[in-house]
Each structure stands twice: as C-alpha cells, then as structure tokens.
Amino acid sequence: MEAIWILLLLFVLIMLTGVYAAVRAIRAAKRGIDRTVHQARRTVEDTRLRARQLAQPGAVGELAQLQLSLRGSMRATSQALQAAAPQDRSLSESLGLFRRLSAHAKDLEADLKRLEQEPDKSRIAALLPDLRQRTERITRSADSLRWAVQERTTRMAHDDLDSLGREIEMEAGALRHWTAAEPDEPGADAGAAWPEPGAGSSRTAPGAGARTSPEAGARSGPEAGAWPAPEAGQRPEPPRPPLGARPPTEPPAWQKPWQKSPRPENTA
C-alpha cells in the first residue's frame, strides 16, 4: 500500500513539473510574440511618419518630424540604460528619472497624434511652437542622460583595462623571475676570500692562475729553467755546484756553527 502512495506522489510531482514548464514556455513564447508585434508595429509607424513628413510639407509634416525625433531619442536612451544597468547598480536613480521622463514623452506623443486628426491647419500652426519646445526639452534631457551613461560606461571600461594591464605586467614580471641577477655560489666565494687554517699553501680564486699579465709572461721566459720557488714551510735547498768545480772548504753561510763538522785531530 505504501508503494502505491509513493508512486501516486511521484506521478503528481511529475505532472506538476510538466505543467509548470509548459506554462513558462507559453509565457516566454507570448512575450516573444508581443515583442515581435511591437517591433513590427513601431517599424510600420515610423515608416508612416517618414512618408507623411516627405509627402505633406508644412504643419502636418512638422508634426511627423517631431514624433520621429521624440521616438528616436527616447528609444536610444532606453536601450543605453538597459544595457548598462546590469553592470552598474548605481544607475537605479537614472532609471527612475528616465521613467518620469518617459511619462512626459508619452503625453507629448499623445498630443501629437491627436493633432494629426485636426482638420484646422491654423490651430495646428498655433500649437506647433509649444509642441516644438516641449519636444526639444524632452529630447535634450534624454540625450544628456544617454551621453552621461555612455561616458560613464566608457570610463569604467578604461579604468578596468588600466588595472588589468597593471596586474598583467606584475604577473609577467613574476613569471620572468629567472632574468633577475642570481648570486654566485657561496662555496666559491668563501674559498676565494678566506684560506683554510693550517693549509700549507695559500688558496686562490678559481681561474686566478690563468689570468697573468704580459709582464709576468715576459719575466717567466728567461727564468723558465730556474728552480721552482720552495713551498711554504719547507727549507730552501742549496744550489748545486757545477760539474768539475771543487767543493768549498768553508761551510755555507746558512749552516749553523754547531752543525759544522768537527776537524780531524792531529795525530802527530
């Protein structure tokens, strides 16, 4: 029994979901149809006004021109506000002002349409200055609001692009970290600067022996056959006598007195 109630509940939920989806689809289609009809009607109305403006010069043609100017300005401002409002929440006050301006524009358009059916041309000519002034004021306000919105949008785009460029430059510099000057190896510097204590010979920096001056190279030429210099901590070896020379009878100067060999005693 419980399984039957569960199945019935699922069936009801599925039916409600289908009905809700169907209603939404029908409403969306109706809005699309209404929008298409409105655009078609507006296109037909604009075409009729342009034709009247060209075909009937004078007061009737000027009425058509005022209607076209009013419609074009209000339509462009509405499109600019609707495009910028989702990205900029601070335009809520501007939208409220435009709604109030749209109410005045609708009243003016209604007056212009009523005068289209007026058979007295003199009355139309008498009312044209006031209608022209109202149209200019409304269109000037709409144009000012539209231009301000466009300039604000452009300025925000430039600021966003500048900040994005700075962030990209910082990221590019961080990605090119290997171009910075890297310090030398600490072991080579320590060995070149400080000799190890207790070493018999002084340690030089790598490559120091290969960097010799021309004077050093010139001096090393004639002395190529000389004995090498004694290392630190070793006693210098005395020079060897040439072949065929008699050995000296006197001890060398570097020999100390107690190191001299004793004379042989006279046996006589």
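Residues numbered from 1 in each chain as written. Predicted model: local features only at pLDDT ≥ 70, side-chain atom pairs only at ≥ 80, totals over all residues. Heavy atoms only, no water.

### Here we look at the overall build of the chain
(1) Moving on: Scanning the chain from N- to C-terminus turns up six helices and zero strands.
(2) Moving on: Scanning the chain from its N terminus toward the C terminus, one meets helices and strands in the order α-α-α-α-α-α.
(3) Moving on: Within the chain, the proportion of its 268 residues that are buried is 17%.
(4) Moving on: Long-range pairs, those at least 24 residues apart, make up 68% of the contacts in the chain between residues at least 6 apart in sequence.
(5) Moving on: When the accessible surface of the chain is summed, it comes to about 22,300 Å², and 58% of that surface belongs to carbon and sulfur atoms. (Helix = DSSP H or I, 4+ residues; strand = E, 2+ residues; numbered from the N terminus. Buried < 20%, exposed > 50% of the residue type's maximum accessible area, 1.4 Å probe, protein only. Contact = heavy atoms within 4.5 Å. Areas by Shrake-Rupley, 256 points an atom, 1.4 Å probe, with all protein chains shown as cover.)

### Points about the nonpolar core
(1) Moving on: Membership of the largest hydrophobic core comes to 21 residues, with the highest contact counts inside it found for L63, M74, L131 and I138.
(2) Moving on: Put simply, the parts of the chain that give this core at least two residues each are helix 2 (59–84), helix 3 (92–116) and helix 4 (121–175).
(3) Moving on: Discounting chain neighbours no more than four positions away, the residues touching L131 are L63, L66, L108, D111, L112 and L115. (Core = buried A, V, L, I, M, F, W, Y, C linked by side-chain atoms within 4.5 Å.)

### Details of the confidence of the model for the chain
(1) Moving on: Residues with a pLDDT of 70 or more make up 66% of the chain, whose mean pLDDT is 75.
(2) Moving on: Looking across the chain, the model is least confident in helix 6 (residues 214–219), with a mean pLDDT of 44, and most confident in helix 4, with 91.
(3) Moving on: The low-confidence segment residues 188–227, where pLDDT is below 50, has six contacts with residues more than four positions distant or belonging to other chains. (pLDDT = per-residue confidence, 0-100.)

### Notes on a positive patch on the surface
(1) Moving on: A cluster of basic residues, R24, R27, R31 and R35, forms a positive patch on the protein surface.
(2) Moving on: Mapped onto the fold, R31 is located in helix 1 (residues 2–55). (Patch = residues over 30% accessible without salt bridge, like charges linked within 9 Å, V, L, I, M, F, W, Y side chains within 5 Å. Salt bridge = Lys/Arg side-chain N within 4 Å of Asp/Glu carboxyl O. Lys, Arg positive; Asp, Glu negative; His and termini not counted. Charge placed at Lys NZ, Arg CZ, Asp CG, Glu CD.)

### Digging into helix 4
(1) Moving on: Here helix 4 spans 77 Å end to end across 55 residues, near enough to the 81 Å set by a 1.5 Å rise per residue.
(2) Moving on: For helix 4, the complete set of buried residues consists of I124, L128, L131, T135, I138, T139, A142, D143, L145, R146, V149 and A172.
(3) Moving on: The elements touched by buried residues of helix 4 are helix 2 and helix 3. (Expected span 1.5 Å × (residues − 1).)

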